[in-house]
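Each chain, written out:
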Amino acid sequence: MAHNVLKAHGKAVRMLRQYGRQLLEIGFAPTCSAAYPEREIPEDIEAARQAMFALPDDLRNWTWNIPWWSDPVLLGHYPEEGLKRFAPYLPKITAEDMKLISEPIDVYAQNIYNGKRVRMGNDGRAEIVERYPGFPRTANGWPITPEALYWGPKFLYERYGKPFYITENGLSCQDVISLDGAVHDPNRIDFLARYLGQLKRVAGEIDLRGYFQWSLLDNFEWEKGYSERFGLIFIDYPSQKRILKDSAYWYSEIIRKNGEILTEDTIDKCKAKQK
């Protein structure tokens, strides 16, 4: 399945190049979690780098790995470890297949929401640091790990060297319409300030082209349906009324000033604009 998906990607790139009526910037946006070091020391940084590009130990979770999807497109080959471990399930892979899959692209992207904390073990291998009880989580249970938006893009750019985008990042909150008719979501503002602060940090080290917050509106969220709210704009589903959340006003200031105010407290300022 994965091999055919990647061949379809290569054919799409060829068709866009052949029939595009203007100069196109073509990219590729898979999804992953990131790894970040427990301490910013060489040993833990290398451990996090290793963990970032390791294939999952559980074969039932084979899809959730970076190199199996990105190495063929950007490096022109599958990871050797994967070819060995997945050998019983693979079709015949030809040189022509790999030429097709690795059709040149212009930009690379990932959807990153969180990451795992990693340190170098005594045996010289990366080990995951367990999260403590009560670790910060979003409404749908995902861990809040802002470091993922520094180390994730950093490691991906080191490996693949392509101009980079974050194509999804955000969180689900238990948003409600308050008695004053507004939707107050300080958790989302805090989350975005932390994550964007880390992305701003890495922007000086890599060719970072952009960031997309997930999402503009509350939406039908995969198997969660309408039960999870990711939007900057609240949808009252019975009435279909749209209400800009506090985070929407805050985020508009981030956009307007291109992140210059990420170190400032703009919540009160944005509330004043809302009024």
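Cut-offs used in this document
- Residues numbered from 1 in each chain as written.
- Predicted model: local features only at pLDDT ≥ 70, side-chain atom pairs only at ≥ 80, totals over all residues.
- Heavy atoms only, no water.
- 1 Å grid on protein atoms, 1.4 Å probe; cavity = no way out; pocket = protein on both sides within 12 Å on 5 of 7 lines; lining within 4 Å.
- Points joined across faces, edges and corners; volume = space filled by probe spheres on them.
- Helix = DSSP H or I, 4+ residues; strand = E, 2+ residues; numbered from the N terminus.
- Nonpolar A, V, L, I, M, F, W, Y, C, P; charged D, E, K, R; others polar.
- Buried < 20%, exposed > 50% of the residue type's maximum accessible area, 1.4 Å probe, protein only.
- Contact = heavy atoms within 4.5 Å.
- Expected span 1.5 Å × (residues − 1).
- Pairing = 2+ DSSP bridges.
- Phe/Tyr/Trp six-rings, centres within 6.5 Å; stacked < 30°, edge-to-face > 60°.
- Right-handed = clockwise from strand over helix to strand, strands pointing away.

K.L.:
I keep staring at the layout of surface pockets and nothing clicks. Help me out?
P.N.:
A water-sized probe, rolled over the atoms, reveals where empty space remains. Reported here for the largest pocket is a volume of approximately 1,000 Å³. Every residue lining the largest pocket is counted, 38 residues in all, and those nearest its centre are Cys-32, Ser-33, Asn-61, Trp-64 and Lys-116. Elements with a minimum of two residues in the lining of the largest pocket: strand S2 (34-37), helix H2 (42-52), helix H4 (80-85), strand S4 (115-120) and strand S5 (126-128). If one sorts the elements of the lining of the largest pocket by residue count, H2 sits on top with three residues. Its residues assigned to classes, the lining of the largest pocket comprises 17 nonpolar, nine polar and 12 charged. Approximately 460 Å³ is the volume attributed to the second largest pocket. Taken together, 27 residues make up the lining of the second largest pocket; nearest its centre are Phe-135, Pro-136, Arg-137, Thr-138 and Ile-144. Put simply, the parts of the chain that give the lining of the second largest pocket at least two residues each are S4 and helix H7 (186-203). Grouping the constituent residues of the lining of the second largest pocket by class yields 12 nonpolar, five polar and 10 charged.

K.L.:
I'm lost on the environment of Pro-146 in this one. Help?
P.N.:
By secondary structure assignment, the location of Pro-146 is in the loop between S5 and helix H6 (148-160). The class of Pro-146 is buried, set by a relative accessible area of 14%. Other than its neighbours up to four places away in sequence, Pro-146 contacts Arg-194, Tyr-195 and Gln-198.

K.L.:
So what exactly am I meant to see when it comes to helix H1 (residues 2-19) here?
P.N.:
In an α-helix there are 3.6 residues to a turn, and that puts residues three or four apart on one side. The end-to-end C-alpha separation of H1 is 26 Å, in line with the 26 Å expected for 18 residues at 1.5 Å each. Residues of H1 that are buried in the fold lie against strand S1 (27-28), helix H3 (66-74) and helix H5 (95-101).

K.L.:
Sorry, what's going on with unusual backbone geometry here?
P.N.:
Backbone geometry follows two general trends: most residues other than glycine have a negative phi, and most peptide bonds adopt the trans configuration. Omega for the peptide link from Trp-214 to Ser-215 comes to 0°, which places this bond in the cis form. Note on placement: Ser-215 falls in the loop between strand S7 (208-211) and strand S8 (233-236). Although it is not a glycine, Gln-240 adopts a positive phi angle of roughly 65°. Mapped onto the fold, Gln-240 is located in the loop between S8 and strand S9 (241-244). Under the relative-accessibility criterion, Gln-240 is labelled partly exposed at 43%. For Asn-258, which is not glycine, the phi dihedral falls at a positive 50°. Checked against the element boundaries, Asn-258 lands in the loop between helix H8 (246-256) and helix H9 (267-274).

K.L.:
What is the right way to read the side chain of Ser-33 from this model?
P.N.:
Mapped onto the secondary structure, Ser-33 falls in the loop between S1 and S2. Look at Ser-33 and you get buried, because its relative accessible area is 18%. Residues contacting Ser-33, with those up to four places away along its chain left out, are Met-52, Trp-64, Ile-66, Asn-114 and Lys-116.

K.L.:
For this particular structure, what's the right way to read the sheet that holds S1?
P.N.:
The strands making up a sheet associate through backbone hydrogen bonding, with each pair oriented either parallel or antiparallel. A sheet is described by the order of its strands in space; here four strands give the open sequence S1-S3-S6-S7, paired in parallel fashion. Of all strands in the sheet, those with a lone pairing partner are S1 and S7, marking the two edges. Two strands pair when backbone bridges link them, and S1 and strand S3 (residues 107-111) are joined in this way by two bridges, in the parallel orientation. Pairing of Phe-28 across the sheet is with Tyr-108, part of S3.

K.L.:
Would you take a moment to explain the packing of aromatic side chains for this structure?
P.N.:
Here a ring pair, both rings aromatic, is described through the centre-centre distance and the interplanar angle of the planes. Tallied over the entire structure, the rule returns 18 aromatic pairs. Judged by centre distance (4.9 Å) and plane angle (85°), the ring pair of Trp-68 and Phe-86 falls under edge-to-face. Taken together, the residues Trp-68 in helix H3 and Phe-86 in the loop between H4 and H5 connect sequence positions 18 residues apart. Like Trp-68, the residue Phe-86 is buried in the burial classification. Through a chain of ring-to-ring contacts, three or more aromatic side chains come together here, namely Phe-28, Phe-53, Tyr-108, Tyr-160 and Phe-164.

K.L.:
Would you mind showing me how to read the pairing of strand S6 (residues 164-168) here?
P.N.:
The side chains of a regular strand alternate, first on one face of the sheet and then on the other. Counting buried positions over the five residues of S6 gives four, a clear majority of the element. Two elements, S3 and S6, share four bridges in a ladder whose sense is parallel. Each residue of the ladder has a partner; that of Ala-109, found in S6, is Tyr-165. Sheet analysis places S6 next to S7, joined by three bridges and oriented parallel. Across the sheet, Tyr-165 pairs through a bridge with Gly-210, a residue of S7. As a crossover connection, the stretch from S6 through H7 into S7 is right-handed.

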